[in-house]
Amino acid sequence: MTKTTSAPAPVLGTRALNRATLERQLLLRRSPSTAAAAVRHLVGLQAQNVKPPYYALAARLDGFTPEALSRLMADREVVRIVTLRSTIHTHTADDCLTLRPLVQPARDRELAAFRTGLAGVDLDRLAALARELVEDEPRTMAQLRAALGAEWPDADPQSLAVAARCRLPLVQVTPRGLWGRSGQVALTTAEHWLGRPAGPAPEPETVVLRYLAAFGSASVKDMQTWAGLTRLREAFERLRSRLVTFRAEDGTELFDLPDAPRPDPDTPAPPRFLPEFDNLLLSHADRTRIVPPAHRGRHWQGNQAYRTLLVDGFLAGVWKLDGQALVVEPFDPLTRRARGEVVEEAGRMLAVMHPGTSYDIRFGTVRA
């Protein structure tokens, strides 16, 4: 009897992965999608600061205006909440009510780091009291520390407030997060803010499919990095018959949706100005599809992330608004043509994000 062997999985090189990811991230060509549809497709936008989600959509959508996202937030169709990787994201209301239960194990792990400061605290009672407090009126973390500290005077006040944030799905209420508005962080529960109960956590397989649609082709470890979760291998295995597989150049197995776009590696990729903390740079264990090894870590300094520039689809520099100038600091010298394309894209971004304001566009010293 002749033994048959399956053909080896095709290899996807770095540029192939780059173009596939850019296409799904709406960065290879701008999408006519609405802001709400884009936030859903991207499974949320990293939102450690207020402005990044706005710049993220400006880079991805045709016809976007900051007011479009701000209006969604004011109407409670999108919210700011701690979810993926235990960081703040802007999610649709539906995703807020389902993804937060999915990532609860990560919040439980975070809470474990504060157990010393929570000695003797009944966490179920704390969650019930905190819910009562924030649903009575939105509370700041300082107000939560004070109120919970009065109940447990021997506990660490900061640990008490963190425990409330870990045990409850707390959203940041407006005006925090609105474009052109300011406001301190005040919290209430997602259910109270949105006027409906949280749904059950989705099956992991459902989220795998959504992750691949927005970030694939990708490995199990890539998705675990994106979600801040572990033990997702079984979900991928249950989906294996519905997926296609590839290999990265280092041999890592990659999964993908059969009909997902995988553009030619030579497809042109225009420059893009991205905000700090953009999910494009944070959602894979192997980030070489976007970040060349020579530039690894150059868009960070300590805990500070810089706004980033893509040229030919890859991280190529950082940028900032300095007074009335947009300053680009490339990591390597740019060709005349690339500089022209960067200037053109900068002008487009400024017209969208800062209409009516005049900025000089200049290149700083090549960043060491």
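Scoring rules and cut-offs
Residues numbered from 1 in each chain as written. Predicted model: local features only at pLDDT ≥ 70, side-chain atom pairs only at ≥ 80, totals over all residues. Heavy atoms only, no water. Helix = DSSP H or I, 4+ residues; strand = E, 2+ residues; numbered from the N terminus. Rg over C-alpha atoms; globule rule 2.2 N^0.38 Å. Buried < 20%, exposed > 50% of the residue type's maximum accessible area, 1.4 Å probe, protein only. Contact = heavy atoms within 4.5 Å. Areas by Shrake-Rupley, 256 points an atom, 1.4 Å probe, with all protein chains shown as cover. Lys, Arg positive; Asp, Glu negative; His and termini not counted. Charge placed at Lys NZ, Arg CZ, Asp CG, Glu CD. Axes fitted to C-alpha atoms, helices over the stretch in contact; angles between N-to-C directions. Parallel < 35°, antiparallel > 145°, perpendicular 65-115°, else oblique. Left-handed = near helix turned anticlockwise from the far one by under 90°. Pairing = 2+ DSSP bridges. Disulfide = S-S within 2.5 Å.

**Student:** Residues and numbers for the overall build of the protein chain, please.
**Tutor:** From N to C terminus, the protein chain includes 14 helices and 15 strands. Relative to the globule expectation of 21 Å for 368 residues, the C-alpha radius of gyration of the protein chain, 22 Å, shows essentially globular dimensions. Projected onto the principal axes, the alpha-carbon positions of the protein chain cover approximately 75 × 65 × 35 Å. Going through the 368 residues of the protein chain one by one, you find that 52% of them count as buried. At a minimum sequence separation of 6, the contacts of the protein chain that also span at least 24 residues come to 67%. Only carbon and sulfur atoms are counted for the fraction: they give 50% of the accessible area of the protein chain, which is about 16900 Å². Taken together, the 48 basic and 42 acidic charged side chains of the protein chain have centroids lying 3 Å from each other.

**Student:** So what about the packing of helix α6 (residues 104-112) against helix α9 (residues 157-167)? Which residues, and what values?
**Tutor:** Relative to each other, α6 and α9 sit at 165 degrees, their axes nearing to 9 Å. Considering the angle they form, α6 stands roughly antiparallel to α9. With respect to the hand of their crossing, α6 and α9 are arranged in left-handed fashion. Facing Gln-104, Arg-107, Glu-110 and Leu-111 of α6, the residues of α9 in contact are Val-162, Ala-163, Arg-165, Cys-166 and Arg-167.

**Student:** Got a sec to walk through the sheet that holds strand β6 (residues 187-189)? Specific residues and values, please.
**Tutor:** Here five strands make up an open sheet; going across it, the order is β2-β4-β3-β5-β6 and the pairing antiparallel. One side of each edge strand has no neighbouring strand; the edge strands of this open sheet are β2 (45-46) and β6. Pairing geometry for strand β3 (residues 78-82) and strand β5 (residues 170-172), over two bridges, is antiparallel. Along β5, the bridge assignment pairs Ile-81 with Val-171. On the sheet, helix α5 (residues 93-102) packs against β3, β4 (88-92) and β5 and is oriented at approximately 125 degrees with respect to β4. This element, helix α7 (residues 123-136), spans β5 and β6 of the sheet and lies at about 115 degrees to β6.

**Student:** Requested: an account of the state of the cysteines, with residues and values cited.
**Tutor:** Applying the stated criterion across every chain, the model contains zero disulfides. Free of any disulfide, Cys-96 has its nearest neighbouring cysteine sulfur in Cys-166, separated by 16 Å. Its relative accessible area of 2% is what places Cys-96 among the buried residues. The class of Cys-166 is buried, set by a relative accessible area of 1%.

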